[in-house]
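Tertiary structure, described
Next come the chains, spelled out residue by residue.
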Amino acid sequence: MDTRSQAPSITRALCGLPAAYQTVLTDRYHRLLPVLYLLLRPSDIARRNRTWPGSIPEGKAATSYLSSQKARLAREVIQAYASQQGEIVDEIWKLFRAYCRYGPIGLIEALPSNLPPLVAEHIQEYTDLHRLARHPRSDAGLYIRPLLDQYASDMGIDPLPPFVARYAWASDRRIERWFVGDSAATEHVARTTRRVFLDHPYPHQRWLTHIVQIPLECLLSQRHPVAVRPWLIWLTDEYTGTLMGYCLCAAEPGVRDLALALRWAIWHHGAPWWSARGVPDTLIVPEQLFAVDLDVQRALSYLHIKLRAASSSVQPPTASAVYVGWPESFAAWLMHLQPRYERLPAARQWTIADLSDMLLDYIQESMLTGVATRTTPTALQEQECSLPWGTGIGAVLLLPSAGTVPVRDNRIAVWGIPYDLATAMPDNTMVDVRYDPDDARQVYAVIGRASVVVATASAFEHRMHWHELVESHVVYR
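Bear in mind that the values here come from a model prediction, so they are computed numbers and not experimental data.

Cut-off values and rules
- Residues numbered from 1 in each chain as written.
- Predicted model: local features only at pLDDT ≥ 70, side-chain atom pairs only at ≥ 80, totals over all residues.
- Heavy atoms only, no water.
- Helix = DSSP H or I, 4+ residues; strand = E, 2+ residues; numbered from the N terminus.
- Buried < 20%, exposed > 50% of the residue type's maximum accessible area, 1.4 Å probe, protein only.
- Contact = heavy atoms within 4.5 Å.
- Polar contact = N/O pair within 3.5 Å; in protein donor to acceptor, adjacent residues only side chain to side chain.
- pLDDT = per-residue confidence, 0-100.
- Pairing = 2+ DSSP bridges.
- Disulfide = S-S within 2.5 Å.
- Phe/Tyr/Trp six-rings, centres within 6.5 Å; stacked < 30°, edge-to-face > 60°.
- Lys NZ or Arg CZ within 6 Å of the ring centre and 35° of its normal.

Considerations on the environment of Thr404
On the secondary structure map, Thr404 appears in strand S8 (residues 401-406). By relative accessible area, Thr404 is classed as exposed at 52%. Counting along the chain gives 41 residues from Thr404 to Ala445, while the straight-line C-alpha distance between them is 9.1 Å. The residues contacting Thr404, other than those within four sequence positions of it, are Met430, Val431 and Asp432.

Below is the structure:
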């Protein structure tokens, strides 16, 4: 059957695509079209061709085949058609499912081809950050394309075509849709209302920042035995009360400490068991931390986070406050840490690293033993939703800068320590180096304030804190 002359138009999906992708999309669409005519009316096909990828409107004929009952019917029709026309059942089925879910644009990657990915890896990763680390919004199509256009511009590449931008958002198959969890506050609210949120509060709408000084002295590190009274900065979700992340500081927390706490709360690097992670819509901070620098502002813009100053510093939790994985009082936490401290070798003294590890152990034990009863939604509890650490300009800009250094023999030196670049670069290229104070195994070279290259220290096999290598003022000042 020659369907090309009478086929509903797919011009909208082809707009902006390179020629090779247009050819693949057109060929696969016309290969699938006889099956579409068997299952859908021409008006239904035309409507699906115009619908943005990932949208599943109620009552639409094409998307109704995503349900199990109608999917079985479609499978039977496809099997009968394939046996008559000599087609491959599984390939036609994959094309049909991709078309029903994403529209014509989904046909490009429904079957293997020699073409590169439709969405570049770093663009898809940035899109996943919005889809996985925060709630999918009902108006995603209105704001995801401008964000991707800006990110692509910063990376120095061409922006995605309209349908591809929405496809990048919709193509993540790890989360279909997120709803506010069932509770006394939402039991009488329809799920459709909870899906689009409207005026109802939801997790990751607002995070609160808490700051307190720990009432004890410890060493900065074993190599630099400077006595300090550490500070603790931690973040909690206002709606659920969940502890999202923390950061121990040698001095009173500054803007960079806030950025590090936020970065760790998003991914929980090194703690895959900590299932509560995400990105807030609004981060409420004490007034002294409200004046962030340009890099942090740019990172918050990429992460789509609004910063708001609290009227006064948030008080630490009391016995009447319940936080996931957090003791009812600091006295209880310190009492819990004391036996661990006493088991340390006599030749050692307590360091900030020891204190941080013990606090992390306490939180893990609290979560595993059931002390933590308030959690974020199930979709955000999956360990697999953690994003790769250390890639993406939005994440790197939350890290402190070690200054601008030149490239020599594809290597950079950070405070005298050599790091090998993962990508070949010309000598004398100047790069802005970002580092994680808690992990000296690698640093991140920012090129042109947009592209990020990882540089690894071959001498470090295990995780090492920077204050074990250099003077304290370099890391904390």
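A closer look at helix H12 (residues 294-303)
Among the 10 residues of H12, seven are classified as buried, and the element is accordingly described as predominantly covered. Taking the backbone nitrogen of Asp295 as reference, a side-chain oxygen 3.3 Å away marks Asp293 as the first, capping residue of H12. Two residues or fewer after H12 comes His304, characterised by a positive phi angle close to 60°.

Some thoughts on the confidence of the model for the protein
In the predicted model, the protein carries a mean pLDDT of 75, and the fraction of residues at 70 or more is 72%. Per-residue pLDDT, averaged within each element of the protein, yields its smallest value for helix H10 (residues 191-196) (44) and its largest for helix H2 (residues 19-39) (95). Low confidence marks residues 173-182, where pLDDT is under 50. Its contacts with residues over four positions away, or in another chain, come to 34 contacts. Residue range residues 191-198 is modelled with pLDDT below 50. Its contacts to residues more than four positions away, or to other chains, number 16 contacts.

Comments concerning the pairing of strand S13 (residues 451-456)
Note on strand geometry: in a regular strand, side chains alternate between the two faces of the sheet. The sheet contact formed by strand S10 (residues 417-421) and S13 spans two bridges and is antiparallel. From the neighbouring strand, Leu421 faces S13, where its bridge partner is Ala455. Of the pairings in the sheet, the one linking strand S12 (residues 439-447) to S13 comprises six bridges and is antiparallel in character. Bridging from a neighbouring strand, Ile447 pairs with Ser451 of S13.

Looking at helix H3 (residues 42-50)
The complete set of buried residues in H3 reads Asp44, Ile45, Ala46, Arg48 and Asn49. Elements that come into contact with the buried residues of H3 comprise H2, helix H4 (61-64), helix H6 (89-102) and helix H9 (162-170).

Comments concerning the state of the cysteines
Enumeration according to the criterion identifies zero disulfides in this entry. Just so you know, Cys249 is unpaired, no disulfide at all, and the nearest cysteine sulfur is the one on Cys247, 4.2 Å from it. By relative accessible area, Cys249 is classed as buried at 1%.

Observations regarding the packing of aromatic side chains
The final tally for this structure, using the stated rule, is eight aromatic pairs. Each ring, one from Tyr65 and one from Phe96, has its centre 5.5 Å from the other, and the planes form 70°; the classification is edge-to-face. Residue Tyr65 is located in the loop between H4 and helix H5 (68-85), and its partner Phe96 is located in helix H6; the two are separated by 31 residues in the primary sequence. When its relative accessible area of 5% is taken as the criterion, Tyr65 is described as buried. The exposure class of Phe96 is buried, given its relative accessible area of 0%. On the numbers, 5.1 Å between centres and 75° between planes, the contact of Trp415 with Tyr435 is edge-to-face. Taken as a pair, Trp415 in the loop between strand S9 (411-414) and S10 and Tyr435 in strand S11 (residues 430-436) lie far apart in primary sequence, 20 residues in all. Residue class for Trp415 comes out partly exposed when judged on its relative accessible area of 31%. Of the residues examined, Tyr435 reaches a relative accessible area of 2% and is grouped as buried. An aromatic cluster of three or more residues is present, and its members are Trp415, Tyr419, Tyr435 and Trp466. Looking at Lys70, its charged tip hangs above the ring of Tyr65, at a distance of 4.4 Å from the centre.

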